[in-house]
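Remarks on the overall topology
Given next are the chains, with one letter for each unit.
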Amino acid sequence: MKRAQLKIQQMVFMLLAVTLFFVLVGMLVLALRFSGLKESATELEEKNAMLLVTRIANSPEFSCGNAFGKSRTNCIDADKIMMLKKNIDKYDNFWGRETNMEIRKIYPEGNLVCTIGNYPNCNLINLQSEEIHIEHSNFISLCRKDLINGEVYDKCELAKIMVSYKDWSETNE
Amino acid sequence: MSKKAQDQKSKISSAIQNKSAQEELIGFALIVILVAIIGLIFLGFSLRNPQKEIVESYEVESFIQAFLQYTTDCGNYREAYLGIQKLISECVDNGICLDGRNSCDVLNSTLTEMIEESWKIDGDRPIQGYKLEIALENGTEVIPLIAKGNSTKNSRGVSQPFTPLGESYEVYFTVYY
């Protein structure tokens, strides 16, 4: 065999080896990626929940707007939330798949779940009426109009909004 | 050509071939090292999971904004119940609530209870301590410092300036974890 032929053969082997190496690495990466697909989906849901919790208080469905004098940030209108809870079926998957939200008064604290019957003398508004498992939370001011001696005044309490998200690792989908 | 010259030529040719093989080996080794380094970097990036912070800065920021809007049970002749912002002004003016309590005492106790409920530091909780300071623009403290727990190296702190009735105030809140 001539020297040039030997060189070509050497190059072919080298190219084959390099290609095989990258194919194997690619397969390994793909296998790793697909094995963590559910975790990635859960991570995305978690990220969405975190972004949601930082901005949801200022969205039109929740925010106080100008109902309590000047415009307020991180202020949620409790009356609006009770109406939203009543019509929650119209907001199916609006904030993400299986995303649930709960607003819990921190100060004064309590565990009484809010219904149309006991509102506003309650502490917990669960929008989807389902238990919250994994969540992201943020502080908000929960405001409503209240009455004292026949006069209306603005009452704001310290609360936390909790957003739970779908955990894909617990499903068979 | 003499035999001596032929021997010398073959020696030179053999030396050149050896050198070339050595260079190729070095090149191959370099490629292997390079690929291994790239692979390690890639593996490092793919295995690194971003960890959730114990306290996010948005939580501390929102806490300040939320507690400043809280409606207290202290009122004056203008308003039945004052918000924290207005109660701070009332405290600076040495005001008295309608029920006779000192506005600064109400402010202090309300804030202390509110922070205790929001940032619990008992038991195995990750929060180690906190510190709240409310000061006028010139640095004068409105109420004594509210602090609990230990001041650790890891902290999240936020300051929020506000002007409820003309005068400027600054609220500093730090959480240690």
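Criteria and thresholds
- Residues numbered from 1 in each chain as written.
- Chains lettered and ligands numbered in written order.
- Predicted model: local features only at pLDDT ≥ 70, side-chain atom pairs only at ≥ 80, totals over all residues.
- Helix = DSSP H or I, 4+ residues; strand = E, 2+ residues; numbered from the N terminus.
- Expected span 1.5 Å × (residues − 1).
- Buried ≥ 20, exposed ≤ 12 C-beta atoms within 10 Å, placed from the backbone.
- Contact = placed C-beta atoms within 7 Å.
- Pairing = 2+ DSSP bridges.
- Axes fitted to C-alpha atoms, helices over the stretch in contact; angles between N-to-C directions.
- Domains from an automatic or database assignment.
- pLDDT = per-residue confidence, 0-100.

This part covers helix H2 (residues 57–68) of chain B. Taking 1.5 Å of rise per residue, the twelve residues of H2(B) would be expected to cover 16 Å, and the 17 Å separating its terminal C-alpha atoms lies within 8% of that figure. Of all twelve residues making up H2(B), nine are buried, and the element is well covered by its neighbours. Against the buried residues of H2(B) lie strand S4 (135–148) and strand S5 (151–164) of chain A together with helix H3 (84–92), helix H4 (103–118), strand S3 (155–162) and strand S4 (169–176) of chain B.

With that settled, the discussion passes to the interface of chain A and chain B. Interfaces are often sized by the amount of accessible area the parts lose when they come together. Contacts between the two partners involve 20 residues from chain A and, on the opposite side, 17 residues from chain B. Among the elements that make up the side of chain A that touches chain B, the one with the highest residue count is S5(A) (seven residues).

Quick look at the sheet that holds strand S1 (residues 75–77) of chain A now. Residues and elements named next belong to chain A. The strand order S1-S4-S5-S2-S3 describes an open sheet built from five strands, whose pairing is mixed. Here the strands that pair on one side only, and so sit at the sheet edges, are S1 and strand S3 (124–126). Within the sheet, the average angular offset between the axes of one strand and its neighbour, ignoring direction, is 35°. Where S1 lies against S4, three bridges are found, and the strand directions are parallel. Bridge pairing in S4 links aspartate 77 to cysteine 143. Those strands touched by helix H2 (residues 37–55) are S4 and S5, and its axis lies near 30° from that of S4.

Moving on, we get to the sheet that holds strand S1 (residues 129–136) of chain B. Strand pairing in a sheet relies on backbone hydrogen bonds. The paired strands run either parallel or antiparallel. Residues and elements named next belong to chain B. Strand order across the open sheet formed by four strands is S2-S1-S4-S3, with antiparallel pairing between neighbours. This sheet does not close on itself; its edge strands, each paired only once, are strand S2 (146–149) and S3. Sheet twist, expressed as the average angle between the axes of neighbouring strands with direction ignored, equals 10°.

This next bit is on unusual backbone geometry. Residues and elements named next belong to chain A. Note the cis peptide between tyrosine 107 and proline 108, where omega equals 0°. Within the secondary structure, proline 108 is located in the loop between strand S2 (100–107) and S3. Look at the link from tyrosine 119 to proline 120: it is a cis peptide, with omega at 5°. With respect to the helices and strands, proline 120 occurs in the loop between S2 and S3. With a phi close to 50°, asparagine 149 is a non-glycine residue in the positive phi region. Locating asparagine 149 in the fold gives a position in the loop between S4 and S5.

Once that is clear, we can look at the domain arrangement of chain A. Examined at the domain level, chain A breaks down into domain 1 (1–35) and domain 2 (39–170). On a C-alpha basis, the centroid separation for the pair domain 1 of chain A and domain 2 of chain A is 57 Å.

What follows is about the pairing of S5(A). Residue and element names in this part refer to chain A. Summarising burial for S5: ten of the 14 residues are buried, a large majority. Here S2 pairs with S5 via seven bridges, running antiparallel. Residue pairing across strands places asparagine 100 opposite serine 164, the latter belonging to S5. Looking at chain direction, S4 and S5 are connected through 14 bridges and run antiparallel. Its bridge partner lying in S5, histidine 136 is registered against valine 163. The antiparallel hairpin formed by S4 and S5 contains two residues in its connecting segment, where asparagine 149 sits at a positive phi of about 50°.

What follows covers the confidence of the model for chain B. Considering every residue of chain B, the mean pLDDT works out to 87; 95% of them sit at 70 or more. Confidence scores differ between elements of chain B, with helix H1 (residues 3–47) of chain B showing the lowest mean pLDDT of 81 and H4(B) the highest of 94.

This part covers the confidence of the model for chain A. For chain A, mean pLDDT is 86; residues scoring 70 or higher make up 95% of the total. Confidence scores differ between elements of chain A, with H2(A) showing the lowest mean pLDDT of 82 and S1(A) the highest of 94.

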